[in-house]
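Residue-level structural notes
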Amino acid sequence: MAGGNEKSVKALKEVWRRAENSLCADCGKPDPDWASSTLGVFICLSCSGIHRNIPSISKVKSLKMDHWDDAQVQFLARHGNAVTKATYEAHIPIYYYQPTYNDCQVLREQWIRAKYERKEFTEPGKQLPYSDGVKEGILWKRGRDNGQFLPRKFLLSEREGCLKYFTKQDAKEPKVIIKIDVINATFQPVKIGNPNGLQITYLKDNKTRNIFVYHENGKEVVDWFNAIRSVQFHYLKVAFPIASDNELKSHLTRNFLKEGYMEKTGPKQKEAFKKRWFTLDHRRLMYFKDPLDAFAKGEVFVGSRENGYSVQKGLPSGTQGNFSWHYGLTIVTPDREYLFTCETETDQLDWITAFTSIINQPMIPQEYASKCLDTVSFPS
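Structure report, in brief. (Residues numbered from 1 in each chain as written. Predicted model: local features only at pLDDT ≥ 70, side-chain atom pairs only at ≥ 80, totals over all residues. Heavy atoms only, no water.)

A few words now on the sheet that holds strand 3 (residues 60-62). Ordered in space as 2-1-3, the three strands form an open sheet in which the pairing is antiparallel. One side of each edge strand has no neighbouring strand; the edge strands of this open sheet are strand 2 (42-43) and strand 3. One ladder, built from two bridges, connects strand 1 (residues 34-36) with strand 2; its direction is antiparallel. In the strand pairing of strand 2, Ala-35 is matched with Phe-42. (Pairing = 2+ DSSP bridges. Helix = DSSP H or I, 4+ residues; strand = E, 2+ residues; numbered from the N terminus.)

With that settled, the discussion passes to the packing of helix 5 (residues 105-117) against helix 7 (residues 218-239). Direction vectors running N to C along helix 5 and helix 7 enclose 90 degrees, while the axes themselves pass 10 Å from each other. Taken together, the axes of helix 5 and helix 7 are roughly perpendicular relative to one another. For the pair formed by helix 5 and helix 7, the contact residues are Val-106, Leu-107 and Gln-110 on the first element and Gly-218, Lys-219, Val-221, Val-222 and Phe-225 on the second. Looking at side-chain class alone, the contact of helix 5 with helix 7 contains five nonpolar, two polar and one charged residues. (Axes fitted to C-alpha atoms, helices over the stretch in contact; angles between N-to-C directions. Parallel < 35°, antiparallel > 145°, perpendicular 65-115°, else oblique. Contact = heavy atoms within 4.5 Å. Nonpolar A, V, L, I, M, F, W, Y, C, P; charged D, E, K, R; others polar.)

Okay, the pattern of salt bridges next. Applying the stated criterion across every chain yields a total of 18 salt bridges. With a closest N to O distance of 3.8 Å, Glu-160 and Arg-159 form a salt bridge. Linked through salt bridges whose partners overlap, the residues forming this network are Asp-26, Lys-85, Glu-89 and Lys-115. (Salt bridge = Lys/Arg side-chain N within 4 Å of Asp/Glu carboxyl O.)

Pairing is antiparallel in the open sheet, where seven strands are placed in the order 14-13-12-11-17-16-15. The sheet is open, and its two edges are formed by strand 14 (298-301) and strand 15 (310-313), each paired on a single side. Adjacent strand axes in the sheet meet at a mean angle of 35 degrees when their direction is disregarded. In this sheet, strand 12 (residues 274-281) lies alongside strand 11 (residues 258-264) in antiparallel orientation, the contact comprising seven bridges. Within strand 12, the position partnered with Gly-260 by the bridge is Phe-278. The sheet contacts of helix 9 (residues 345-359) involve strand 11, strand 12, strand 13 (284-288), strand 15, strand 16 (327-332) and strand 17 (337-342), and relative to strand 15 the element is tilted by about 160 degrees.

Below, the structure written as structure tokens:
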């Protein structure tokens, strides 16, 4: 807010203080201190960097450090987040994933470009590249055994209710057919080592299978992600015709509740603790030797508190297994206790928070069918 006359500075502060402008217009981060002088939205520092990459659409300035002239302040006053959103977010499909400030760069960038650059949501019924129920193309897939990323043809079909991939572009038969109702997809740029890395998981013989893919083009990989959500949504519409759109939306792709390394011991609780990579995907806790393993070494179902599940800080008194990390936690199930150690107290508390959030949620009828996983023990 450097420079400018006192009246202009005061007017800018008043617009900035409006409730509608208290969150970033693009990712929802509190207390945005940048704004677009051409779009009229208040945004955070991170999103301002994305806006800066589309200068033909958006000119960004700091609300604290830059000079705003009277005309620019008046423009902000006439617009602001509410008015601008009413234009650029008028017709977002219910299944479209709207990222938050916790999401990765490619999701946030393509969301911003979809709104302001491509204007995908300004008109009702607009044909979108992820909305017609079919998507076919090449994604680079990591080999299960050799770890190399190679181009593979993928085909998503709403009519067939599945996602297929082929080892060769001209192959007539797919390598794998995945039913759309068992798919999850979540962006994992750090884990995969690519800014556009996408992890696709699905159930195979009641066990989770991981596929790791990417595409060099950020728009293409985000289009795949939203195409999967679109097909899932329309599948659920048919399967559960009386459910509301918002209820169905909550059952589309989901981010993992928590991932990271912990140490674990075996079912006898006397074995040495071993460092493993853990993923908490809703009520499934899985562990892997390597974060990029195709299959989990073990899975356990995490139920609700009223069904006898709980998480406790620390390890049971007299735990015998050797461990190098000293921040323990215990998952109690109706059949046994699972013991883990974390490297830091922060990790310990984060895991406890994640487990508590899912244990405190009542189980829905479909989740009772998954309780058979409770019998799956963690081998070494």
